[in-house]
Each structure stands twice: as C-alpha cells, then as structure tokens.
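Chain residues, written in single-letter form:
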Amino acid sequence: MPVSHDRKFLDRLSLPERRYIADALRTETVGGVLLLLAAVAALVWANTFGAGYESVRDFHIGPAALGLDLSIQHWAADGLLAIFFFVAGIELKRELVAGELRDPKAAALPVVAALCGMAAPALVYTLVNVIGDGSPDGWAVPTATDIAFALAVLAVIGTSLPSALRAFLLTLAVVDDLFAILIIAIFFTSDLNFAALGGAVAGLLVFWLLLRKGVRGWYVYVPLALVVWGLMYNSGVHATIAGVAMGLMLRCTTREGEEHSPGEHIEHLVRPFSAGFAVPLFALFSAGVSVSGGAIHDVFTQPVTLGVVLGLVVGKAIGIFGGTWLAARFTRAELNPDLAWPDVFAVATLAGIGFTVSLLIGELAFAGDAALTDEVKAAVLIGSLLAAVLASVLLKLRVRKYQALCADEERDDDEDGIPDIYEQDNPEYHLRMAEIYERKAAEHRQRAQLAGASRDGADRPA
C-alpha cells in the first residue's frame, strides 16, 4: 500500500526513540570495542601459542549425565550466545510494539532492505560455489550483520552518524537477527529428541505464565531459564532459540505509573553482560584461526571462502542498498533532504560486517570438517575487515556533513535538557530563547560599558 508523498525515509526520530537508540547503541559500542579486542587476542593467541589455545578451547566441562559435557568453545557458542539472542529477542519485541516495526508502512522499508541484504549475499555465495564447484552448505554464513562490530568500527574511525542512520542500522540488525534465528532453527536442527523438546516447550509455557501473573524475582526466572536452555540443547534445536523465545515473551510496553517496561528494564540490566562479556568471550574461542600468507591466498582461491568474502562485501552492500532504493521507490517515500543515497550505501557497506552470527553459522554449517570450518572463519574475518575498511572510507568522505547534523541534533541553547530541534514548533521555546538572547545582550552591553569606563579612567590626565 503506497504511503503519502510527504513521508520521509531516514527522517528525524522522536525524542524518546532517539534517547532509547542512543542508550542502546552506547552499550553496543563499548561491547563492540571489547569484541574487537577479543578477536585480536584470539588471533594472536592462536598464531603464537596454538597448542595452548586449542587445549583451552577444546577442554570439556559440565555434567555428562545431563548431556552437557561440552567444550569451552561449545559453552561459549551455545551457552553465552543464548544471552546475546535473549537481548536480540527483547530488541525485536520492542521494535514490533514500540519501535520502527510497529507501523507496517514504516516497517516495510527496513524489512525489505534487510531481506534483500540477506538474500543477495546468499545468492552471491551460491553463484560462486556453483561456478567453482564448491559446497552449497555455507550459503547462510554471509547473511548476518554484527551491530556491535559495526559500531566499534564507527567508534574507532571517529565518525558520528546522525541518529536516523544509526536507527536504520540497528533496525536492519534486529530484522537480520530475526531471520538468522529462523535460519538456525530451520536449517541447523539435528535429530530431534521430542521428550527434551516437549520439556523445553513446557518450561517456556511456565515462563510465560509467571510473566502474565506478574511474578518477580531473578531467583525464579534464572533457574527456570537454565532448565529451558538445557532441555532445548538436548532436544536437537540450537540452544540459542531458548534465549530468543524468552526475550520475545517479555512485555515491552509501559503501563500507567511505569517509566520503563519490564522488557526495557531487563534489557538494560542484561545488555552490558551480553555485549561486554558473552559476545567477546565467544569471539575469543571462535575467532582463533591460523593466519598466514598461504591461508589468506586460499581464502581468495577456494569457492567456499571466496563466496563468504564476496557475500559479505559485495552481496550485503548491493542487497541492502538495492532493497532500500526499490522499497523507497515503490512506497514513494522521500529521502530525508539532509542525507543522500551515498549515505545509505555507506551504511549498507557497514552492514557487511558479519562476525558473531556469521562465525556461529559457519561452525554449524561445516561442523563435521574442522579444517574447512577454520577456513570459513578466516573468510568471515577477512570479509568483515574489508567491509569495515570500505565503509570507513565512504563514511569519512561525508564526515563533516555528519558532524554538522549531529551538532544540530545535540544543540540545547536554552539548557532545558531537550535538544532545540525538538522544540522549534513550541511557542514557549521561542519565548525562552528571546529571554536568553536579551539577557546575553544585556550582559554584553554591561561588559562594554565597564570596558569603556575603564578606558576613560586610564586616558584621563592625573
């Protein structure tokens, strides 16, 4: 259904949405920097003390009687990433009920962009492997976007994106996470243990009923969540699905007397642990691959690894930009006049940083081939690095424009805690500004008079 002609794509966010986005992305940026450090540490560790790295990564711990005698790497991938996907579930729920995805007309554009941004990399990978006679199993590896890594790149290069572009990137990542979850659930589910799956579903039902009854207390929900996770792991469905399901069950709308919804409150508590500990630790035990001239050469000559690199760097950029342009064209949404289509392309290129979820899918897709798994991980690292470098160059070309837009968004001349751009249509704002200007003018006149009197006293003969 076409929207009205005055609808703007990448328009200014509402003030509450802008504050929420800023708070969420601030935590993700810090987590992204830790993620970068963890990835670098993993590479250094694996390429200097490889035997030590492998012995720690492959060390098994956990109760075998419960089917949970797992390696450290598995605990990080299946356990800690469940926390990451729990936060992703809350983000998705909030976007659906209170964010950009609540309005079908507004949601159409980022959803189409995200879908195209997943379909194009999968198509690029498939074409490369059909032509090169490679394995089709890794088609899902380059479809993911890592928002934390992308924001870390922004932090490192010092580029300030306007809030509308940051919100677009976050919405893309949220929709991307949703479809990555579906891909994991549908295509990477092993033989099902229906007894364990039934127990997990029963546990989720109890979780939902407790939420509906308003029961509070971490000592109730954390043990229940661990039970649900353990049952989901033993069911054959990837254990991270348990985290997503519980995140989606939380209420993300406020009621009378509430400043924040329960979902937002819990996300605020859990997100720092997810971004600052769970995801970096996963990266530490997943990104450690051997890097040498021969290994890099193999990445660009083998169809599987070349397909991953081209999918992330080329497929993501073309898919997201093309999907965005087509959706805007057919919904008649006008681009915010302060921005330009090259800005959208730069963000689309930045979304080519796949890292966390791409590494996870790479491990699942080639679980029976350790050598190929490491090669795919190397391809993910190289593809994400190339996407980051290309996006950095494109964003730097517009950095002055972004800085000016961000300064306009932050300006608060009347010092009331609300950016002036959100008050320009308020008569009280103009009255306050007139009073401020008059006070400053009076202070300026008084300083001028004092300076003049001082000069007259100095010039007067003794």
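Everything numeric in this text was worked out from a predicted model, so none of it was measured.

Q: So what exactly am I meant to see when it comes to the nonpolar core here?
A: Generally speaking, a soluble globular protein has its nonpolar side chains buried in company with each other. Counting 119 residues, the largest nonpolar core has Leu 10, Phe 85, Phe 168, Leu 350 and Phe 355 as the members making the most contacts within it. It is helix H6 (residues 163-187) that contributes the most residues to this core, 14 residues altogether. Residue contacts for Phe 85: discarding those within four places in its chain leaves Ile 181, Ile 184, Thr 240, Gly 243, Val 244, Val 357 and Leu 360. In terms of nonpolar packing, the next biggest core, distinct from the first, is built from five residues, Leu 68, Leu 70, Ala 82 and Trp 229 among them.

Q: In this structure, what is going on with the packing of aromatic side chains? I would like to understand it.
A: For any pair of aromatic rings, the description consists of the separation of the ring centres together with the inter-plane angle of the planes. Counted according to the given criterion, the structure contains 12 aromatic pairs. Aromatic side chains Phe 149 and Phe 355 sit 4.8 Å apart centroid to centroid with 75° between the ring planes, which places their arrangement in the edge-to-face category. Of this pair, Phe 149 sits in helix H5 (residues 147-157) while Phe 355 sits in helix H14 (residues 355-365); the two residues are 206 residues apart in sequence, bridging distant segments of the chain. Taking the centre distance of 5.9 Å and the plane angle of 25° together, the rings of Trp 229 and Tyr 233 count as stacked. Taken together, the residues span about one helical turn, with Trp 229 and Tyr 233 both in helix H8 (residues 218-235) at a distance of four residues. With relative accessibility at 22%, the residue Tyr 233 sits in the partly exposed group. Among the aromatic residues, ring-to-ring pairing joins Trp 45, Tyr 53 and Phe 285 into one connected group.

Q: In this structure, what is going on with the environment of Ala 88? I would like to understand it.
A: Structurally, the position occupied by Ala 88 is in helix H3 (residues 72-97). Residues Ala 88 and Val 174, 86 residues apart in the sequence, show an inter-C-alpha distance of 6.8 Å.

Q: Honestly, a nonpolar patch on the surface in this entry has me stumped. Any pointers?
A: On the surface, a nonpolar cluster with roughly 320 Å² of combined accessible area is contributed by Val 30, Val 33, Leu 34 and Leu 37. Looking at where Val 33 falls in the secondary structure, it is placed in helix H1 (residues 15-48). Judged by relative accessible area, Val 33 falls into the partly exposed class, the value being 32%.

About the thresholds
- Residues numbered from 1 in each chain as written.
- Predicted model: local features only at pLDDT ≥ 70, side-chain atom pairs only at ≥ 80, totals over all residues.
- Heavy atoms only, no water.
- Core = buried A, V, L, I, M, F, W, Y, C linked by side-chain atoms within 4.5 Å.
- Buried < 20%, exposed > 50% of the residue type's maximum accessible area, 1.4 Å probe, protein only.
- Helix = DSSP H or I, 4+ residues; strand = E, 2+ residues; numbered from the N terminus.
- Contact = heavy atoms within 4.5 Å.
- Phe/Tyr/Trp six-rings, centres within 6.5 Å; stacked < 30°, edge-to-face > 60°.
- Patch = residues over 30% accessible without salt bridge, like charges linked within 9 Å, V, L, I, M, F, W, Y side chains within 5 Å.
- Areas by Shrake-Rupley, 256 points an atom, 1.4 Å probe, with all protein chains shown as cover.
- Salt bridge = Lys/Arg side-chain N within 4 Å of Asp/Glu carboxyl O.

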